[in-house]
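Next come the chains, spelled out residue by residue.
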Amino acid sequence: MGVVILLVMAAGVAAMLTRKLPTAFALVLLAVVIAFLADAPLTGKGSVLDTVLQEGAPALAATMIAILLGSWLGKLLEETGIAGTLVRKIVEFGGDRPVFVALGVLAVSAVVGTVTGSAPAAMLAGLIGIPAMIAVGIPKVTAAGTVLMGIAVGVPFELPVWQFFSTALDLPVDTVRGFMVKLFPFALVAAVAYVLVESRRRGVEHTWSLKSVRARPARGDRRRRLGDAPWYALLTPAVPLTLALGLDVAIIPSLLGGVLYALVTTTRPREMNRRLLRTLYGGFEVAAPPITLFVAIGILLAAVKLPGAVDALQPLVKSVSPQNTVLFILVFTLLVPLCLFRGPLNVFGLGAGIAGVLVATGIYPAVAVLGMTASYNQVFGVSDPTSTQTVWSAQYAGVSPHQVMLRTLPYVWAVAFGGLCVTAFTEL
Amino acid sequence: MSGDLDVDLAVRLLGGTPTHENRDPVLLRHWAVAATEFGRRMTPRAETVRVVERDGGLDAGLLARYRSRPPVVEVYTDTVERAERLVAERGWRHWFPEGSVRAAALAHEQAHAWLHHTAVRAEFKRALGHTALRFGRRRLYAYVAGADEVAAHAYAHAACGLGRSPLLLTEALAAAVSWESEN
């Protein structure tokens, strides 16, 4: 039966790859089929309807709330001009040194990446950052990659991601935080290396472009009247991080602290209510796609944790899972490309199910699975040409997502290798 | 479009450049005038840069491109040809003589290469006069995104003896290409 379940999973990956089914729908369908194959009854304890669908759907509720709050904060950063001001200041101070501007946009992207993820993060940093980099002479592919690499630097400190790994792998937030702190230096070094090496290799580029004279769409009268955000408001992205990392405050209140700080530092008291509601509702819109995905992942996790599924998959997965430290690093480093193109190791897809299998069958300790999946997440977040942030950044810069993948992959592959080494030597 | 002054076209270019979303139009005009003056006065050293002729410019929305590593200027022949035809269609030959589009493209990219020299950059920032930080009487000049594009067009305008700024040609060409692709 284990082989049949694996074949069904492969069919699910094929459906996602060929875009026959949206990822979330494919995951729910997979979960239901796996549950039936695992001999789960229709209702009652360990059943398809009650355990997989009813209990699985809200299983990642804390992550969903964290995602929503991150999106709310992201909307506030956008509406109050905080993200735009950060990029504008960087361009004004260092515009005649393209590498300095790229490093600055990288830093802003990292800061934004700690608050929110996916396309909203890329848009927050990239809407002004990408054309500003291109205007100072950074080649387009390098510009798109810089925003993505920057976001990946922030991801180890993205509080909704901590919540996701904590709930999905049933680990304390402290444990997740501990590994993320170890992963961060690899992401940082790779991102800075990307900017420096690619700038040196590609130099600068200026175009006589027909697009440069076309007026850009207006960004709203409200923004025009507001102008730059005050300097102390620019500290907003550091607030949730300081609360969660420095003062051990829980994730949701930390994010709420960030929302509150952004509001009081940028908004007149009589406008606060309206701005809070407007940005919150905007946050719901931004958070809708990831929340849908987390509902589906919760359902899939519930299915692969059913006793029937665990019994069927354990011998199979155990026979192919390396236990030796060096083999673990080698095999899982070589498997890195399988998290691209919605592949089976994509942690926001079937990868979450595989992680669930590894934990449920007890093949690796949960913390080692955290190390593996968090390392793959670094690759997926930057280079996957089907992920929304990569598609948005590449298209906004005027290049193809595949060009960005080819240029960034060596750097993020190295990050994954670093993360797997840390995992193997500390957790196995 | 041809009724607009060259400086209006330059102000529009700056206004459409990211980081200037909420700038005062008067300030943008000041920068446009300063950048145009600077571009006209530039005397770039002739450097040995390889010139490559390529196709596919209309699809990419490019007329020319300068890359520093290795130094090369790419001229998109299809866009240049379309620009020459446009000049004839609009009756602008007295402003843009035959063959002037290619010459302007080379001059434009030469200006960009020149604007990357440290001393030129510093002088350009002083000419624009935008302050990033002030300590008493000392001040740190800020970079103005898009100003080097205005200066490069102004240099091409002056160096090739054109009747109007190449910005006029660029705007007309962008509108024509966009209209043709939509119909």
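The following refers to the structure shown. For every chain, the first residue of its written sequence is number 1, and the numbers climb from 1 along that sequence. Naming scheme: in the order in which they are written, chains are lettered from A and ligands are numbered from 1. Owing to the predicted nature of the model, reporting of local features is limited to residues with pLDDT of at least 70; listing and counting of side-chain atom pairs is limited to 80 or more, with chain, interface and lining totals taken over all residues. Where side-chain values are given, they derive from all heavy atoms of the structure, hydrogens and water being excluded.

## Side note on the overall build of chain A
Going by this rule: Secondary structure elements are defined from DSSP: runs of H or I of at least 4 residues count as helices, runs of E of at least 2 residues count as strands, and each element is numbered from the N terminus. Radius of gyration here is computed from C-alpha atoms only, and the compact-globule reference equals 2.2 Å multiplied by the residue count raised to the power 0.38. Whether a residue is buried, partly exposed or exposed follows from its accessible area with a 1.4 Å probe, protein chains only, as a fraction of its type maximum: under 20%, in between, or over 50%, in that order.
In terms of helices and strands, chain A carries 20 helices and one strand. Expected size for 428 residues packed as a compact globule is a radius of gyration near 22 Å; at 22 Å, chain A falls within 12% of this value. Overall, chain A is about 60 × 50 × 40 Å in size when its C-alpha atoms are taken along their principal axes. Taken across its 428 residues, chain A has 59% of its residues classed as buried.

## Looking at the pattern of salt bridges
To be explicit about the condition: The working definition used for a salt bridge is a side-chain nitrogen of Lys or Arg within 4 Å of a carboxyl oxygen of Asp or Glu.
Overall, the coordinates contain 23 salt bridges over all chains when judged by the stated rule. For Asp248(A), the salt bridge goes to Arg177(A), with nearest N and O atoms at 2.6 Å. Of the two residues, Asp248(A) sits in the loop between helix H12 (238-246) and helix H13 (251-266) while Arg177(A) sits in helix H10 (residues 173-202), which places them 71 residues apart along the sequence. On the basis of relative accessibility, which here comes to 53%, the residue Asp248(A) falls in the exposed class. In this structure Arg177(A) comes out as buried when scored by relative accessible area, which is 14%. Between Glu271(A) and Arg268(A) there is a salt bridge, with its nearest N and O atoms 3.5 Å apart. Given a relative accessible area of 27%, Glu271(A) falls into the partly exposed group. Its relative accessible area of 52% is what places Arg268(A) among the exposed residues. Residues joined in a network through salt bridges with shared partners are Glu205(A), Arg54(B), Arg65(B), Arg67(B) and Glu74(B).

## Focus on a nonpolar patch on the surface
Operational definition: Residues enter a patch when their relative accessible area is above 30% and they make no salt bridge; the linking distance is 9 Å between like charges and 5 Å between nonpolar side chains (Val, Leu, Ile, Met, Phe, Trp, Tyr). Only the protein chains shown count as cover for residues, and all accessible areas are computed by the Shrake-Rupley method using a 1.4 Å probe.
Among the surface-exposed residues, Phe93(A), Phe100(A), Leu133(B), Phe135(B) and Leu140(B) lie close enough to one another that they form a single nonpolar patch of about 470 Å² accessible area. Among the structural elements, Leu133(B) can be located in strand S4 (residues 131-135). Relative accessible area serves as the criterion here: at 34%, Leu133(B) is assigned to the partly exposed category.

## Topic: the nonpolar core
Heads up, the condition is: To qualify as a nonpolar core, a set must consist of buried Ala, Val, Leu, Ile, Met, Phe, Trp, Tyr and Cys residues joined through side-chain atoms within 4.5 Å. Pairs of residues are marked as contacts when any of their non-hydrogen atoms sit within 4.5 Å.
Formed by 147 residues in total, the largest nonpolar core has its most connected members in Met133(A), Met149(A), Phe164(A), Phe165(A), Met180(A) and Ile297(A). In this structure, Met180(A) is in contact with Pro156(A), Val161(A), Trp162(A), Phe165(A) and Ala374(A), ignoring residues within four places of it in sequence. Among the nonpolar cores identified, the runner-up in size contains 53 residues, and Leu210(A), Tyr66(B), Leu128(B) and Ala151(B) belong to it.

## As for the pairing of strand S5 (residues 138-141) of chain B
All names here are of chain B. Selection rule: Only strands joined by at least two bridges in the DSSP assignment are considered to pair.
As paired strands, S4 and S5 are joined by four bridges and run antiparallel to one another. Its bridge partner being in S5, Phe135 is matched across the sheet by Arg138. Here S4 folds back onto S5 in antiparallel fashion, the turn holding two residues, of which Gly136 has a positive phi close to 60°.

## Observations regarding the environment of Asp96(A)
Here Asp96(A) shows up in the loop between helix H5 (82-94) and helix H6 (98-115). For Asp96(A), a relative accessible area of 8% translates into the label buried. Here the alpha-carbon distance between Asp96(A) and Gly137(A), two residues 41 residues apart in the chain, equals 9.1 Å. Among residues more than four places away in sequence, those in contact with Asp96(A) are Arg121(B), Lys125(B) and Tyr143(B).

## Concerning the packing of aromatic side chains
All names here are of chain A. How we decide: Note on ring pairs: Phe, Tyr and Trp rings are taken, using the six-membered ring of Trp, and paired if centres are within 6.5 Å. Classes follow the plane angle, with under 30 degrees stacked, over 60 edge-to-face and the rest tilted.
Per the counting criterion, the structure on display carries 15 aromatic pairs over all chains. Between Phe332 and Tyr364, the aromatic rings sit 6.1 Å apart at their centres with planes inclined by 75°, giving edge-to-face as the arrangement. Of this pair, Phe332 sits in helix H16 (residues 325-334) while Tyr364 sits in the loop between helix H17 (350-360) and helix H18 (366-383), and the two are 32 residues apart along the sequence. Comparing Phe332 with Tyr364, the two get one shared label, buried. Joined through ring pairs, the aromatic side chains of Phe164, Phe165, Phe294, Phe348 and Phe380 make up one cluster.

## Let's talk about the side chain of Thr390(A)
All names here are of chain A. Formally: Two N or O atoms count as a polar contact when they lie within 3.5 Å, although within protein this holds only if one can serve as hydrogen donor and the other as acceptor, and sequence-adjacent residues are included solely when both atoms are side-chain atoms.
The topology assignment puts Thr390 in helix H19 (residues 388-397). Among the polar contacts listed, one links the side chain of Thr390 to the backbone oxygen of Val382, at a separation of 3.1 Å. For Thr390, the side chain forms a polar contact with the side chain of Ser387, separated by 2.8 Å. Those residues in contact with Thr390, other than ones at most four positions away along the chain, are Leu148, Gly381, Val382, Ser383, Asp384, Pro385, Pro401 and Val404.

## Thoughts on the interface of chain B and chain A
By a widely used convention, the size of an interface equals the accessible area lost when the partners come together. Quick reminder of the rule: Using a 1.4 Å probe, buried area is obtained as the accessible area two parts lose upon being combined, added over both of them.
The partner chain A presents 35 residues to the 45 residues of chain B that form the contact. For the pair chain B and chain A, the summed buried area comes to about 3,600 Å², and 58% of that belongs to carbon and sulfur atoms. When the buried surface of chain B facing chain A is broken down by residue, Glu21(B), Arg69(B) and Tyr143(B) rank first, second and third, together holding 18% of it. If you look at where chain B meets chain A, you find two salt bridges.

## As for helix H1 (residues 2-17) of chain A
Residue and element names in this part refer to chain A. What counts here: The length a helix should cover is 1.5 Å for every residue beyond the first.
Here H1 spans 22 Å end to end across 16 residues, near enough to the 22 Å set by a 1.5 Å rise per residue. On the buried face of H1, the contacting elements are helix H2 (23-37), helix H14 (269-304), helix H15 (307-320) and H17. A positive phi of about 60° marks Arg19, the residue just after H1.

## As for the environment of Leu188(A)
Residue and element names in this part refer to chain A. The topology assignment puts Leu188 in helix H10. On the basis of relative accessible area, Leu188 is assigned to the partly exposed category, the value being 34%. Considering only alpha carbons, one finds Leu188 and Ala107, 81 residues apart in sequence, at a separation of 9.7 Å.

## Focus on unusual backbone geometry
Residues Arg69(B) and Pro70(B) are joined by a peptide bond in cis, for which omega reads -5°. Among the secondary structure elements, Pro70(B) is positioned in the loop between strand S2 (62-68) and strand S3 (71-76). The backbone of Asp39(A) shows a phi angle near 65°, a positive value even though the residue is not glycine. In this structure, Asp39(A) sits in the loop between H2 and helix H3 (48-55). One non-glycine residue, Asp248(A), lies in positive phi territory at about 60°.

## Focus: the sheet that holds S2(B)
Hydrogen bonds between backbone groups are what pair the strands of a sheet, and the pairing can be parallel or antiparallel. Condition: Note on method: axes are straight lines fitted to C-alpha atoms, helices fitted across the in-contact stretch only, with angles between N-to-C directions ranging 0 to 180 degrees.
Reading across from one edge, S1(A)-S2(B)-S3(B)-S1(B) is the order of the four strands in this open sheet, with mixed pairing throughout. Across the chains shown, the open sheet's two edge strands, defined by having one partner strand only, are strand S1 (205-209) of chain A together with strand S1 (50-54) of chain B. Shown here is a sheet whose adjacent strand axes are inclined to one another by a mean of 15°, direction ignored. Two elements, S2(B) and S3(B), share five bridges in a ladder whose sense is antiparallel. Within S3(B), the position partnered with Ser68(B) by the bridge is Pro71(B).

## Regarding H19(A)
Residue and element names in this part refer to chain A. Residues of H19 that are buried include every one of Gln389, Thr390, Trp392, Ser393, Ala394 and Ala397, and no others. Where H19 is buried, its residues contact helix H7 (118-136), helix H8 (140-154), H18 and helix H20 (401-427). Within two residues after H19, Gly398 carries a phi angle of roughly 90°, on the positive side.

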